[in-house]
Amino acid sequence: MPHATAPPATGHRPRWWTELPLIAVVYALYSVGRLLVRGDVSTAVDHGLAILRFEQALYLNAEHPLNRLFTSTPSIGIPADFAYASLHYVVTPAVLVWMFRRRSAAYRAARVWLMNSTLLGLVGFTLMPTCPPRLLDASHGFVDTMAQYSAYGWWGEGASAPRGLSGMTNQYAAMPSLHVGWSLWCGILLWRHGRHPLIRAAGIAYPLITTIVVMGTANHYFLDAVAGAAVMGLGALLVKPVIRFADGVKARLAGVLPGGLPGGLPGGRKRGGASTAAVSIPATVSPDVSAGCKTSTGERIPGQRTTSADPPGTAVGGAAARDAADADASDDAPAAAR
């Protein structure tokens with residue numbers, strides 16, 4: 001998805017005091033919206049079972065063996081639970097800050113891509129509330145590793161929510177998996193913009209490990225992970241249209257608001273800090289002919305009239321222009337002009 005992180009057409013260095021509130025507002029809207037779109041539990045369970053049956057029809061069954069491995073091997077299951085509960089809250093902002101500080105030319109496109117995909121994920125939670133494997137009946141063969149190893153972490157039975165705060169999260173927002181989607185976003189940016197081989201290797205490993213973790217902890221189906229990747233792809237395709245739309249809105253607001261937008265083109269400043277104010281040009285012209293001409297100082301242009309009161313080389317009609325009567329009365333003027 002190279003176009004998703006290409007530098008914007010009107011690039012300017014972003015400012016943290018405008019970026020931080022914007023990101024905070026979008027994330028708050030996403031979090032509140034995620035809570036408000038809780039679907040009916042029976043509907044969510046039906047969707048989860050439908051996904052499970054569809055995977056079985058396709059002979060896809062990565063979740064069961066991974067879940068058995070995580071529940072039978074604490075040395076794998078406990079770190080996986082910590083990774084599920086924390087990494088998307090740490091790695092995603094870290095990559096965003098890294099892009100802001102080190103890759104500012106591509107930062108805006110990366111931020112728009114992340115926001116597009118996150119809001120599309122919210123649409124998915126609204127249209128298709130889905131019960132994760134860990135909340136299905138035990139007869140389906142899944143064990144909730146987060147609950148199994150909850151004594152080792154801060155979470156309880158509410159997935160990654162802190163103990164006692166499970167009511168503050170929507171546990172039926174499994175389709176699509178934004179754990180996978182956000183990790184894919186991080187991985188692509190690390191691979192594309194990282195210069196050290198270890199950073200690029202992390203860009204490959206992080207989304208793969210996240211996909212294994214979400215299935216092994218029974219928080220997502222394999223198709224949830226596929227949907228998370230699809231959401232990121234669609235979000236990438238919308239980057240350029242969204243940026244064009246935002247720039248158009250800014251331009252219209254700048255034309256309506258007095259003084260323009262802060263940091264915008266109106267108001268005497270343009271992107272990048274360069275001044276657009278008109279430079280004052282003096283109305284007077286130097287009395288020397290050489291100012292703006294290819295002659296030496298004091299030299300007259302052939303055929304040019306001067307007044308007797310002016311020093312040699314002073315042009316009539318210049319900075320110290322005389323009245324026509326003075327010019328006619330000049331000792332140097334022809335007799336017909338006197």
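These figures come from a predicted structure and were not determined experimentally.

A. The overall build of the protein, seen in detail. When you go through the protein residue by residue, the secondary structure sums to 11 helices and 0 strands. Element order for the protein, N to C, with α for helix and β for strand: α-α-α-α-α-α-α-α-α-α-α. Across the 338 residues in the protein, those meeting the buried criterion constitute 39%. Sequence separation of 24 or more characterises 73% of the internal contacts of the protein that already satisfy a separation of 6 or more.

B. Just helix H9 (residues 222-237), in detail. Along its 16 residues, H9 runs 23 Å from first to last C-alpha, staying within 8% of the 22 Å computed at 1.5 Å per residue. Among the residues of H9, those classed as buried are Leu223, Asp224, Ala225, Ala227, Gly228, Val231, Met232, Gly233, Gly235 and Ala236. Lining the buried residues of H9 we find helix H2 (41-57), helix H5 (104-127), helix H7 (178-193), helix H8 (197-216) and helix H10 (239-256).

C. Broad picture of unusual backbone geometry. Following Met175, the chain continues into Pro176 via a peptide bond in cis, with omega recorded as 0°. Here Pro176 shows up in the loop between helix H6 (145-148) and H7. Non-glycine residue Tyr59 carries a positive phi angle of around 60°. Relative to the assigned elements, Tyr59 resides in the loop between H2 and helix H3 (63-72).

D. Geometry of the nonpolar core. With 27 residues, the main nonpolar core has Val95, Met99, Trp113, Trp185, Cys186, Leu189 and Val239 as its most contacted residues. Taken together, the elements giving at least two residues each to this core come down to helix H4 (74-102), H5, H7, H9 and H10. A total of 9 residues in this core trace back to one element, the largest contributor, which is H5. For Val95, the residues in contact, after removing those within four places along its chain, are Trp185, Cys186, Leu189 and Leu190.

E. Region of the structure containing a nonpolar patch on the surface. Among the surface-exposed residues, Leu234, Leu237, Leu238 and Val242 lie close enough to one another that they form a single nonpolar patch of about 320 Å² accessible area. Owing to a relative accessible area of 54%, Leu237 belongs among the exposed residues under this scheme.

F. Representation of the packing of H5 against H7 in the model. Here H5 crosses H7 at 165°, and the two axes come no closer than 10 Å. Viewed along their axes, H5 and H7 adopt a mutual orientation that is roughly antiparallel. The interaxial crossing formed by H5 with H7 has right-handed handedness. Facing H5, whose interface residues are Ala106, Ala110, Trp113, Leu114, Ser117, Thr118, Gly121 and Phe125, H7 presents Leu178, Trp182, Trp185, Ile188, Leu189 and His193.

G. The packing of aromatic side chains, seen in detail. Taken as a whole, this structure holds 5 aromatic pairs when the rule is applied. Residues Phe82 and Trp154 carry aromatic rings whose centres are separated by 5.6 Å and whose planes lie at 70° to one another, so their mutual orientation is edge-to-face. Taken together, the residues span a long stretch of sequence, with Phe82 in helix H4 and Trp154 in the loop between H6 and H7 at a distance of 72 residues. Accessibility expressed as a relative area gives 29% for Phe82, which makes it partly exposed. On the basis of relative accessible area, Trp154 is assigned to the partly exposed category, the value being 37%. Aromatic side chains Phe82 and Trp155 sit 4.9 Å apart centroid to centroid with 80° between the ring planes, which places their arrangement in the edge-to-face category. On the criterion of sequence distance, the pair formed by Phe82 in helix H4 and Trp155 in the loop between H6 and H7 is long-range, its members being 73 residues apart. Put simply, the rings of Phe82, Trp154 and Trp155 pair up and form one aromatic cluster.

H. Structural detail: the environment of Glu55. Among the structural elements, Glu55 can be located in helix H2. Under the relative-accessibility criterion, Glu55 is labelled buried at 1%. Through-space distance from the C-alpha of Glu55 to that of Tyr221 is 8.8 Å; in sequence the pair is 166 residues apart.

I. Layout of the side chain of Asp144. With respect to the secondary-structure elements, Asp144 resides in the loop between H5 and H6. A polar contact is formed between the side chain of Asp144 and the side chain of Arg134, at a distance of 3.2 Å.

J. Expanded view of the pattern of salt bridges. Under the definition given, this model contains 2 salt bridges. Between Arg108 and Asp247 there is a salt bridge, with its nearest N and O atoms 2.9 Å apart. A residue pair is termed long-range when its members are at least 10 positions apart, and Arg108 in helix H5 and Asp247 in helix H10 qualify at 139 residues. As a salt-bridge pair, Arg134 and Asp144 come within 3.2 Å of each other at their nearest N and O atoms. In this pair, Arg134 is assigned in the loop between H5 and H6 and Asp144 in the loop between H5 and H6, connecting sequence segments 10 residues apart.

K. Here's a closer look at the packing of H5 against H9. Running from N to C, H5 and H9 point in directions that differ by 130°, and their axes come no closer than 8 Å. Here H5 is positioned oblique relative to H9, judged by the angle of their axes. Once H5 is placed against H9, the crossing between them reads as right-handed. Contacts between H5 and H9 involve Trp113, Asn116, Ser117, Leu120 and Gly121 from the former and Val231, Met232, Leu234, Gly235 and Ala236 from the latter.

The rules behind the values
Residues numbered from 1 in each chain as written. Predicted model: local features only at pLDDT ≥ 70, side-chain atom pairs only at ≥ 80, totals over all residues. Heavy atoms only, no water. Helix = DSSP H or I, 4+ residues; strand = E, 2+ residues; numbered from the N terminus. Buried < 20%, exposed > 50% of the residue type's maximum accessible area, 1.4 Å probe, protein only. Contact = heavy atoms within 4.5 Å. Expected span 1.5 Å × (residues − 1). Core = buried A, V, L, I, M, F, W, Y, C linked by side-chain atoms within 4.5 Å. Patch = residues over 30% accessible without salt bridge, like charges linked within 9 Å, V, L, I, M, F, W, Y side chains within 5 Å. Areas by Shrake-Rupley, 256 points an atom, 1.4 Å probe, with all protein chains shown as cover. Salt bridge = Lys/Arg side-chain N within 4 Å of Asp/Glu carboxyl O. Axes fitted to C-alpha atoms, helices over the stretch in contact; angles between N-to-C directions. Parallel < 35°, antiparallel > 145°, perpendicular 65-115°, else oblique. Left-handed = near helix turned anticlockwise from the far one by under 90°. Phe/Tyr/Trp six-rings, centres within 6.5 Å; stacked < 30°, edge-to-face > 60°. Polar contact = N/O pair within 3.5 Å; in protein donor to acceptor, adjacent residues only side chain to side chain.

Limitation: the analysis is restricted to geometry and does not speak to function.
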